[in-house]
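Topology and contacts: notes
Listed below are the residues making up each chain.
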Amino acid sequence: MGNPIVKRYCILIKGRLASPLRVGSGQGEQTDSDVLCDADGHPYVPGSSLAGAFRHYLGEIYTGKEEQEAIRGLFGPRLRDVGLKSRLICHPMTFEGAVVVSKRDGVRLDAYKTAEPEAKYDMQIVERGAPFQLRLEWVIRSANTESEAMEEALICALIDGLALGKLTVGAKGRRGFGELAVTGVGVDKFDHRNREDSRRWLDWDWGEIEQSCDKWEPGKSALIGKHRTVDLSGRRTGEDYELCVPLKIKHTIMIRHYATDPESEDLDADYVQLKSVVARDGSPGPSDPNSEDGQSKDEANKKTYPQYPVIPGTSWAGAIRHHLAALLEDLGVKEQDANKKLEKLFGPLQDNRDVNRPESSASALWASYLRFAESVIEGGWDLPTTRTAVDRFTGSARTGALYTSRPWVGGTTKLRVRWRHDPGKDDDLSPDVVCGLMIWVIRDLEEGLLAVGGETAIGRGLLESEGKIELNGKPLESDAHFCRKALEWCLKPLQEDAREVCVP
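Only a predicted model underlies this, so the values are computations on that prediction, with no experimental measurement involved. Residue positions are counted from 1 within each chain, in the order its sequence is given. For this predicted model, a pLDDT threshold of at least 70 governs which residues receive local features, and a threshold of 80 or more governs which side-chain atom pairs are given and counted, while totals over whole chains, interfaces and linings are taken from all residues. No hydrogens and no water enter the side-chain calculation; it runs on all heavy atoms of the structure.

Description of the overall build of the chain
In plain terms, the rule: Every helix listed is a DSSP run of H or I at least four residues long, and every strand listed is a run of E at least two residues long, numbered separately from the N terminus. For every residue, the accessible area (1.4 Å probe, protein chains only) is compared with the maximum for its type, and the residue is labelled buried under 20%, exposed over 50%, or partly exposed between those bounds. Residues count as neighbours in contact if any of their non-hydrogen atoms are within 4.5 Å of one another. Calculation of accessible area relied on Shrake-Rupley with a 1.4 Å probe; when residues are assessed, cover is drawn exclusively from the protein chains displayed.
Along the chain, the regular secondary structure elements total nine helices and 24 strands. The buried share among the 504 residues of the chain stands at 46%. For the chain, the share of sequence-separated contacts (at least 6 apart) that also reach a separation of at least 24 residues comes to 74%. Taken as a whole, the chain presents about 26500 Å² of accessible surface, with 49% of it coming from carbon and sulfur.

Quick look at the structure:
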């Protein structure tokens, strides 16, 4: 053999879903987008999806020549390139124990918060709290210790990204889906130059390291020794930013979830506040056919789990985008210039794609610059409310217009917005500008000038401040500098137009 395997590291990553996960199967038997499941009906994430996400993440944050060569050696060449295959084997991410698959509704709204025709959809998701196992095999084919140390540092950076929520799995990662909470990492090493290690590997099973997983500390933990040989912290090409805003629900809020499912517990209402189901630690879930008390799978499916009201990232993004559009209009920015600025922040709308951009070279759509996390509402209670439409001429109840809803009253939550700045690539959209734009919206949010969710015309969705805004974990003492930078960025097209007019 001209290129034998020298070493092999088997890496087991354990944890729980920190937010819902969406991995579509391409089928629409139960919803418009069903969760991908194996032959036994258990959801999973294919290794190809993981490998693509991992490679993209590393290639985005490490652009140096040495790091790029190491990434290419670890994942193999790109399509149509000549070279060896990937040496980082990504097994499917599987779930065990308490796993809840539920359905969520979605709809696209126009500028007047009215549902657009044929824009209603639903999808299946794996709810937060599901325990997962992610298995990686790192194969080494040469005894070059320098390249081995660099590759170890890259894999550690991957695990750091998963643990910190910077690297998400599955679809809608920029709208609060696919965040993982890493609880432990286990490693087993096989030196194939040693015959005993090779024999041990033939009979080896992943269960042997499942109980020996150690707690992972981002930036510190290593795979081979106690410390990482190569420090990549100073080689990142960009910086990550996060705004955290503590908020309190002033009155009520309603993110609609329609109770049309026969198995729904909220059939006493036409629609309720959207809730996320969280499986209890250590309890057998609906996807687990074996329970401790001998229940059947159908009986286990009836087991209830704690439910927490949530504000999804899509609701935050839609409300903030619409409010920023109104602010740009008030500043006198032309609609065409305003759309370009909004597309930089939130990505283009499907109807506004650039038709002149060739599909073969790059996608006509691109991902959102901003990431909005899903917000869990803590505290509060639901309030059954029955209403009816009234005929405007007679003042009497309209026939067939009686309905019941269950909005959520009170509680606290946090708005988390993340973005990544690449110097030289996003110089026009600096971190100060983004921070200033978000502060504009946040101040209006705290003053009741922006409401979130549905039924805002009757006072729902109003929020107020519950503490200081934090930027990268530190309280934001003053926002004047950021707001000024945001204003300059917004008025830049007007200034350029003024120069053209003034130039003789």
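Description of the sheet that holds strand β13 (residues 275-277)
Whether parallel or antiparallel, the strands of a sheet pair through hydrogen bonds between backbone atoms. Our working rule: By the convention used here, strands pair only if DSSP detects at least 2 bridges between them.
Read across the open sheet, the three strands follow the order β13-β14-β16; overall the sheet is antiparallel. Strands at the two margins of the open sheet, each flanked by one partner only, are β13 and β16 (375-376). In this sheet, strand β14 (residues 307-311) lies alongside β13 in antiparallel orientation, the contact comprising three bridges. Across the sheet, residue V277 finds its bridge partner in β14, namely Q307.

Description of empty space enclosed by the protein
Going by this rule: A pocket here means an open set of points on a 1 Å grid, computed over the protein atoms alone, that has protein on both sides within 12 Å along at least five of seven lines. A cavity is instead a set of points where a 1.4 Å probe fits but cannot get out; residues with an atom within 4 Å of a point line either one. Grid points are joined across faces, edges and corners, and a volume is the space filled by probe spheres set on the points. In this classification, Asp, Glu, Lys and Arg are treated as charged, Ala, Val, Leu, Ile, Met, Phe, Trp, Tyr, Cys and Pro as nonpolar, and every other residue, Gly included, as polar.
Within this structure, the stated rule accounts for two cavities of 30 Å³ or more. When its volume is computed, the largest cavity comes out at roughly 60 Å³. Every residue along the wall of the largest cavity is listed here: G165, T168, G173, G176, E179, R371, F372, A373, R416 and R418. Counting only elements with at least two residues in the lining of the largest cavity, the list comes to β15 (370-372) and β21 (412-421). For the lining of the largest cavity, the per-class residue count stands at two nonpolar, four polar and four charged. In this structure, the second largest cavity encloses a volume near 30 Å³.

Overview of the packing of aromatic side chains
Selection criterion: Ring pairs are drawn from Phe, Tyr and Trp, using the six-membered ring of Trp, whenever the two centres fall within 6.5 Å, and their geometry is named by plane angle: stacked under 30 degrees, edge-to-face over 60, tilted for the rest.
Tallied over the full model, the rule gives six aromatic pairs. Ring geometry for W204 against W206: centres 5.0 Å apart, planes inclined by 65°, an arrangement best described as edge-to-face. The two residues W204 and W206 agree in class, both being buried. Ring geometry for F346 and F372: centres 6.1 Å apart, planes at 5°, overall stacked. Linking F346 in helix α7 (residues 335-346) with F372 in strand β15, this pair joins segments that are 26 residues apart in sequence. Judged on exposure class, the residue F346 and its partner F372 are both buried. In textbook terms, an aromatic cluster arises when at least three aromatic residues are bridged by ring pairs, as seen for F190, W204 and W206.

Observations concerning helix α3 (residues 145-164)
Filter applied, for reference: Multiplying one less than the number of residues by 1.5 Å gives the expected span of a helix.
Taking 1.5 Å of rise per residue, the 20 residues of α3 would be expected to cover 28 Å, and the 28 Å separating its terminal C-alpha atoms lies within 8% of that figure. Within α3, 15 of the 20 residues are buried, which leaves the element mostly enclosed by the surrounding structure. The positive-phi residue at the C-terminal boundary of α3 is G165, with phi of around 80°.

Considerations on the confidence of the model for the chain
The condition is simple: Confidence scores per residue from the predictor, reported as pLDDT, run from 0 to 100.
Scored by pLDDT, the chain comes out at a mean of 84, with 86% of its residues at no less than 70. Of the regions scoring below 50 in pLDDT, residues 282-302 engages in 28 contacts with residues more than four places distant in sequence or in other chains.

Thoughts on the sheet that holds strand β17 (residues 381-382)
Within the open sheet, the three strands sit side by side as β10-β20-β17. Their pairing is antiparallel. Looking along the sheet, the strands with just one partner apiece sit at the ends: β10 (252-253) and β17. By the bridge criterion, two bridges tie β10 to strand β20 (residues 408-409) in an arrangement that is antiparallel. Looking across to β20, one finds that T252 is bridged to V409.

A look at the packing of helix α1 (residues 47-61) against α3
Formally: Simply put, an axis is a line fit to the C-alpha atoms, just over the touching stretch for a helix, and the angle between two N-to-C directions goes from 0 to 180 degrees. Should an angle fall under 35 degrees it is called roughly parallel, over 145 degrees roughly antiparallel, and 65 to 115 degrees roughly perpendicular, with every other angle called oblique.
For the pair α1 and α3, interaxial distance at closest approach is 10 Å and the crossing angle is 105°. As summarised for this structure, α1 and α3 are arranged roughly perpendicular, according to the angle between their axes. For the pair α1 and α3, contact is made by F54, Y57 and L58 and by L154, A157, L158, G161 and L162, respectively. Tallied by class, the residues present in the contact of α1 with α3 amount to seven nonpolar, one polar and no charged.

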